[in-house]
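Residue-level structure breakdown
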Amino acid sequence: MRILISNDDGYLAPGINALAEALAAVADIVVVAPDSNRSGASNSLSLDRPLSVQQASNGFYFVNGTPTDCVHVALTGMLDYRPDLVVSGINNGPNMGDDTLYSGTVAAATEGYLFGIPAIAFSQAEHGWTHIDAAARLARDIVLRRFDELAAPWLLNVNIPNLPYDKLGAIRATRLGRRHQAEPVIRALDPRGREIFWIGPPGATRDAGEGTDFHAVAQGQVSITPLQVDLTHKTQLVQLARDLA
């Protein structure tokens, strides 16, 4: 199995290093990741400047762009083969509910999916990298499942509690929960007295009931949510067609 690995925390992040080490034992891997932290980049592409690809001493490739840039460059010109799987992470913190829309971790996996390649995004449920080795081992377990019964390509979003490997609960198939709207921006002044704004914290959970990713992780379980890219509001499409008629 040949696996392309990326992330949004940058090629030096503990998460991607642990993930690469775990997967190198079971697959041929190549790592193409941002040169720095690009959290919250979502599915953005850099269209206003050229991108450079450099190789670090550990063999990882790093790009001066977004997570989507990294996977896009790898799949459309850098690699001379088509990977069997695109894996993103392990992210420093959760990507659950509405957060998946902003996530660079999920975006890197989504880019692989858009090219017709099965893809998995891995995140830890809490910031700080505690028990990252356990998360990487669990990620390897999930990759080895292969999910051959799912219609390919598939896109899976995985959130792993920060627990020792033997303390992790069952792996649950979940749906995305929902959050309340985000907290207000934080106003401040820069050193020159100009007003600046920091993006505020995400909103509290609104739908964290049984069956959601929020609920599973709160129970110490591993959440896997299958995602799709079709944003069409099918119910409103029917009504809109009637209105236009």
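Look up a bit, the structure's there.
To start, this report covers the structure provided alongside it. (Residues numbered from 1 in each chain as written. Predicted model: local features only at pLDDT ≥ 70, side-chain atom pairs only at ≥ 80, totals over all residues. Heavy atoms only, no water.)

1. Points about the overall build of the protein chain
What counts here: What counts as a helix is a DSSP run of H or I of at least four residues, what counts as a strand is a run of E of at least two, and both are numbered from the N terminus. Whether a residue is buried, partly exposed or exposed follows from its accessible area with a 1.4 Å probe, protein chains only, as a fraction of its type maximum: under 20%, in between, or over 50%, in that order. Note on contacts: a residue pair is in contact if any heavy atoms of the two residues lie within 4.5 Å. Residue-level accessible areas treat just the shown protein chains as cover; the underlying method is Shrake-Rupley with a 1.4 Å probe. Just so you know, the count uses Lys and Arg for positive and Asp and Glu for negative, and it drops His and the chain ends. For the purpose of locating charges, the reference atoms are NZ of Lys, CZ of Arg, CG of Asp and CD of Glu.
Per the secondary structure count, the protein chain includes six helices and 13 strands. The dimensions of the protein chain, computed from C-alpha atoms along their principal axes, are 55 × 50 × 45 Å. When the 245 residues of the protein chain are sorted by exposure, 46% land in the buried category. Taking all contacts inside the protein chain whose residues are at least 6 apart in sequence as the whole, residues at least 24 apart take part in 74%. When the accessible surface of the protein chain is split by element, carbon and sulfur atoms take 52% of a total near 12,900 Å². Charge separation in the protein chain, taken as the distance between the mean sites of 19 positive and 26 negative side-chain charges, equals 3 Å.

2. Remarks on a nonpolar patch on the surface
Formally: Each patch groups residues whose relative accessible area exceeds 30% and which form no salt bridge, using 9 Å between like charges and 5 Å between nonpolar side chains of Val, Leu, Ile, Met, Phe, Trp and Tyr. Salt-bridge detection follows one rule: a side-chain nitrogen of Lys or Arg within 4 Å of a carboxyl oxygen of Asp or Glu.
On the surface, a nonpolar cluster with roughly 240 Å² of combined accessible area is contributed by Leu 114, Phe 115 and Val 229. Tracing the backbone shows Val 229 in the loop between β13 (222-227) and α6 (234-244). Given a relative accessible area of 35%, Val 229 falls into the partly exposed group.

3. Structural notes on the packing of helix α1 (residues 14-24) against helix α4 (residues 132-145)
Put simply, the rule is: In this analysis, axes come from line fits to C-alpha atoms, helices being fitted only over the stretch in contact, and the angle between any two N-to-C directions falls in the range 0 to 180 degrees. For this classification, under 35 degrees means roughly parallel, over 145 means roughly antiparallel, 65 to 115 means roughly perpendicular, and everything else is oblique. Crossing chirality is assigned from the near helix's rotation relative to the far helix, an anticlockwise turn below a right angle marking it left-handed and a clockwise turn marking it right-handed. Gly falls in the polar group here, along with every residue not listed as nonpolar (Ala, Val, Leu, Ile, Met, Phe, Trp, Tyr, Cys, Pro) or charged (Asp, Glu, Lys, Arg).
Remark: α1 packs on α4, axes separated minimally by 9 Å, with the N-to-C direction vectors making an angle of 45 degrees. Between α1 and α4, the crossing angle belongs to the class labelled oblique. The chirality of how α1 crosses α4 is right-handed. Touching Pro 14, Gly 15, Ala 18, Leu 19, Ala 22 and Leu 23 of α1 are Ile 132, Asp 133, Ala 136, Ala 139, Arg 140 and Val 143, all from α4. Of the residues that constitute the contact of α1 with α4, the class distribution is nine nonpolar, one polar and two charged.

4. Description of the packing of aromatic side chains
For clarity, the threshold we go by: Classification of ring pairs uses Phe, Tyr and Trp, with its six-membered ring standing for Trp, and accepts pairs whose centres are within 6.5 Å; under 30 degrees between planes counts as stacked, over 60 as edge-to-face, and the remaining range as tilted.
Considering all chains together, one arrives at two aromatic pairs under this definition. Relative to Phe 62, the ring of Tyr 11 lies with its centre 4.3 Å away and its plane at 10 degrees, an arrangement referred to as stacked. On the criterion of sequence distance, the pair formed by Tyr 11 in the loop between β1 (2-6) and α1 and Phe 62 in strand β4 (residues 61-63) is long-range, its members being 51 residues apart. Each member of the pair Tyr 11 and Phe 62 is classed as buried. With a centroid separation of 5.6 Å and an interplanar angle of 75 degrees, the aromatic rings of Phe 147 and Trp 154 are classed as edge-to-face.

Don't take any of this as a statement about function, it's just geometry.
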